[in-house]
Amino acid sequence: MRGTFSIQVQLLALLYLFLYAPIAYVIYVSFQKDSVWPFPPDFTLEHYADLLHLRDFHAALVNSLTIGIGTGLLSALLATIAAIGVLRYASRWRGLVAAAYLAPLFIAHLLIGIASLMFNKQLLGLPGNIGSAILANTTYATAFAFLVVLAQLAKHDWRLDEAAMVFGAPPLRAFWSVTLPLIWPSVLGAVIVSFLLAFNNLEVTFYQVGARPTLPTLAWGELRHGVSEELYALASLINAAIFLFLGALYVLLRTGALRLDYRD
Amino acid sequence: MTEAVLRLEGVTKRFGTVVAADSVDIEIGREFFSLLGPSGSGKTTMLRIIAGLEVPDLGNVRIEGRDVTRQPPYRRGVGMVFQDFLLFPHKTVAENIVFPLRMQGVPPAGRAEALGWITDLVHLKGLEGRFPHQLSGGQKQRVALARGLVSRPKLLLLDEPLANLDRELRKEMEVEIRRFQLELKIPFVYVTHNQEEALTMSDRMAIMRDGRILQVGGKLDLYHHPDLAFVAGFLGAPNVFEGKVTGLADGLAIIDWQGYPLQARAKGGLAVGQRAVCFVKSEKIELFAGTGQGRVDGVLRDAIFKGQYADYLVHLAGAREVTVSGPPRAELFAPGRPVSLSWSAEDGDAFPAGG
Ligand SMILES: Nc1ncnc2c1ncn2[C@@H]1O[C@H](COP(=O)(O)OP(=O)(O)O)[C@@H](O)[C@H]1O
Ligand SMILES: [Mg+2]
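First, a word on scope: everything that follows refers to the structure included in this document. (Residues numbered from 1 in each chain as written. Chains lettered and ligands numbered in written order. Predicted model: local features only at pLDDT ≥ 70, side-chain atom pairs only at ≥ 80, totals over all residues. Heavy atoms only, no water.)

### A word on unusual backbone geometry
Short version of the rule: Segments assigned H or I by DSSP are reported as helices when at least four residues long, segments assigned E as strands when at least two residues long, and all are numbered from the N terminus.
Here the residue pair A:F39 and A:P40 is connected by a cis peptide bond, since its omega of -10° sits within 30 degrees of zero. Tracing the chain through its elements places A:P40 in the loop between α1 (7-30) and α2 (46-53). Residues other than glycine seldom take positive phi values, yet B:H123 does so here, at roughly 60°. Within the secondary structure, B:H123 sits in the loop between α3 (108-121) and α4 (137-149). One non-glycine residue, B:D210, lies in the positive phi region at around 50°.

Below is the structure:
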């Protein structure tokens, strides 16, 4: 038979179908008048217009971005410090210390949410707000960020930092002018991963923000009235933003405007 | 040696059970000083202690008279050339070179001037804008040297800087590095396991083994007057004869080797009846065509012509082969011909065996 594809290509196609078909369907539906049975296609942009008029949408977007960015920066910072400590200071306890950073990966997010709510309220007497949502999300996001940073930092040649110190750089200066320029891709990766986790998080954030809306809590609330068309539009927009961001990053790397490493 | 720029006093450093530096005392002035020793003898550790990257367990490091033992590296004002260059991969050649000046707060005009001066000195003109991965091994070496020298440090430490270069380039760089030292008059502490490098460049040198300095001195002194069997064996690829001491007189020993009474300077408390090793450098042996009274007889296996001189490989009794270096002589380019050797007693060094 002519035009057959190899088994690898077929498997790959199946895999991508499995991964992306639901997302593609959501995007497709977001442009359809009838979201229950959107066939034959009848294109419209009205769901997007509705979304903009949805009560709390703006506040939810701002809150989600704030939580995402705050968690992204804080987690990457903590994870970088932790990874440097684990890698640079030889100790019998190194494995245990590393495991302790990863432990939050094994705790259900719902538990983290409830636990941090109770801890803040009953023990510290703190009200839940966006700030405490950032802190609560940071607990598990740091674990993911730690994995991301550790993977690249393990390959870093610390003798370069020693060289910088011999040539007159105090430790912070050496970090700033030698370590960071070489490891920033992994730090950026950690920021992105923890941003996405916190931005999309429902279970942890839900218990912290109370009545303040975020995109996931808004969607969750809307769901009680059934899946409304605006939710398709919302999901599509978030996906589009993420793909645009990753696409831009890819182009910058391909054109050499950004460099990930300096090996020959 | 004039006044000491660097002084190590009883410096000791242990890593677990390994003693990487064992009560080391050295004084180094405005000179080219080499630390020569086999791999694992503690040379790198010594440089790291001087640079401040390692704190000794015991003892003191003084630079220009000041005790810097507990000072961090960035306050010591020394330069260093690392074995694997360790250029900053994200910085250009120019940025790499002026890095020490930037850390010292030298303004841009001063940095540009110094960059011009040093790229001239080390022949790097035109490469300032390249990144390290765009350089050849020899060029990286020059950048590393430039970075080490640009701030005119109190001291330049060099850790086997030529180990990764091919032979030809190494020969060229040996001459260059020596020239930099003579021109700038900065003390160089040069670490190597290659005796040729040390002998070519140094004023003085120290032989290291197991974290200990075995002997320090001018290079000619060390070469011609080794105090220890290890030093005698390490420098100049000498021929070795082992035998029993049959007589001692006026500082000379007579050693019985395969029935021949060999003569050499007696060292290390040699006693009659003891077994001894006798070292004789190949260029100190005189080679005669044919056998002769009072000489060691052998058979010429081959003669290797090296241009200015020749290496004669001579088969002796007991399946022993020795190398004799001397002027090329036509009558000796005849493998299989009987020959005999001798050397004057002062040119051999005998030490107790197994020491
Ligand atoms: N950081 C370290 N930890 C453990 N052992 C070390 C360390 N640095 C050096 N050593 C040991 O100290 C000894 C001397 O090492 P080094 O100074 O690197 O020797 P060299 O440079 O002469 O080859 C070696 O036995 C080496 O294994
Ligand atoms: Mg070494």
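More follows now that the structure is in view.
### With respect to the site of ligand 1
All names here are of chain B. The line we're drawing: Being near a molecule or strand, for a residue, comes down to having at least one heavy atom within 4 Å of it. Any pair of nitrogen or oxygen atoms within 3.5 Å is treated as a polar contact; in protein, a donor-acceptor pairing is required on top of that, and neighbouring residues in sequence qualify only through side-chain atoms on both sides. Amino acids are sorted into nonpolar (Ala, Val, Leu, Ile, Met, Phe, Trp, Tyr, Cys and Pro), charged (Asp, Glu, Lys and Arg) and polar (every other residue, Gly among them).
What surrounds ligand 1 is the set F15, V18, A20, P38, S39, G40, S41, G42, K43, T44 and T45. Between G40 and ligand 1, the recorded distance is 2.6 Å, taken from a backbone N or O atom to an oxygen atom. Residue contributions to the shell around ligand 1 peak at three residues, all from helix α1 (residues 43-51). For the shell around ligand 1, a count of residues per class yields four nonpolar, six polar and one charged.

### Here's the deal with the interface of chain B and chain A
Keep this limit in mind: Contact between two residues is taken to exist if any of their heavy atoms lie within 4.5 Å; hydrogens are not considered. Defined here as a combined quantity, buried area equals the accessible surface (1.4 Å probe) lost by two parts on assembly, summed across both. Only one rule defines a salt bridge in this text: a Lys or Arg side-chain nitrogen within 4 Å of an Asp or Glu carboxyl oxygen.
Listed as interface residues are 24 residues of chain B and, on the opposing side, 22 residues of chain A. Where chain B abuts chain A, roughly 2100 Å² becomes buried across the two surfaces, and 68% of that area is made up of carbon and sulfur atoms. Where chain B packs against chain A, one counts two salt bridges. Between B:D84 and A:R159 there is a salt bridge whose closest N-O contact spans 2.9 Å. Counting the contacts that link chain B with chain A gives four residue pairs in polar contact (both at pLDDT 80 or more). Sorting the residues of the side of chain B that touches chain A by element identifies α1, β6 (79-81), α2 (93-103) and α4 of chain B as the ones contributing at least two each. With four residues, α2(B) is the largest single contributor of residues to the side of chain B that touches chain A. Of the residues in the side of chain B that touches chain A, the class split is 14 nonpolar, four polar and six charged.

### Side note on empty space enclosed by the protein
All names here are of chain B. Applicable threshold: A 1.4 Å probe that fits but cannot get out identifies a cavity on a 1 Å grid over protein atoms alone, an open set with protein on both sides within 12 Å along at least five of seven lines counts as a pocket, and a residue lines either if it has an atom within 4 Å of a point. Grid points are joined across faces, edges and corners, and a volume is the space filled by probe spheres set on the points.
Under the defined criterion, the tally for this structure stands at one cavity of 30 Å³ or more. Reported here for the largest cavity is a volume of approximately 40 Å³. What lines the largest cavity is simply Y223, H224, P238, R265, F279, V280, K281, K284, D347 and D349. When residues of the lining of the largest cavity are traced back to their parent elements, those giving at least two are α7 (219-224) and β14 (275-280). Looking at the lining of the largest cavity residue by residue, the class counts come to four nonpolar, one polar and five charged.

### Details of the sheet that holds strand β5 (residues 66-67) of chain B
Residue and element names in this part refer to chain B. Cut-off, in case you're wondering: At least two bridges found by DSSP between two strands are what make those strands a pair. Only the stretch in contact is used when a helix axis is fitted, and all axes are lines through C-alpha atoms; the angle between N-to-C directions ranges over 0 to 180 degrees.
Taken in spatial order, the four strands line up as β2-β1-β4-β5 in an open sheet, and their pairing is antiparallel. Either end of the sheet is taken by a strand with one partner, and the two such strands are β2 (18-28) and β5. Looking at chain direction, strand β4 (residues 58-63) and β5 are connected through two bridges and run antiparallel. Bridge assignment links I63 to a residue of β5, and that residue is R66. This element, α1, spans β1 (6-15), β2 and β4 of the sheet and lies at about 120° to β1.

### Some words on the environment of A:L102
Residues and elements named next belong to chain A. Tracing the chain through its elements places L102 in helix α4 (residues 94-102). Residues L102 and F119 lie 17 residues apart in sequence; the distance between their C-alpha atoms is 21 Å. Not counting residues within four places of it along the chain, the set of residues in contact with L102 comprises A143, F146 and L147.

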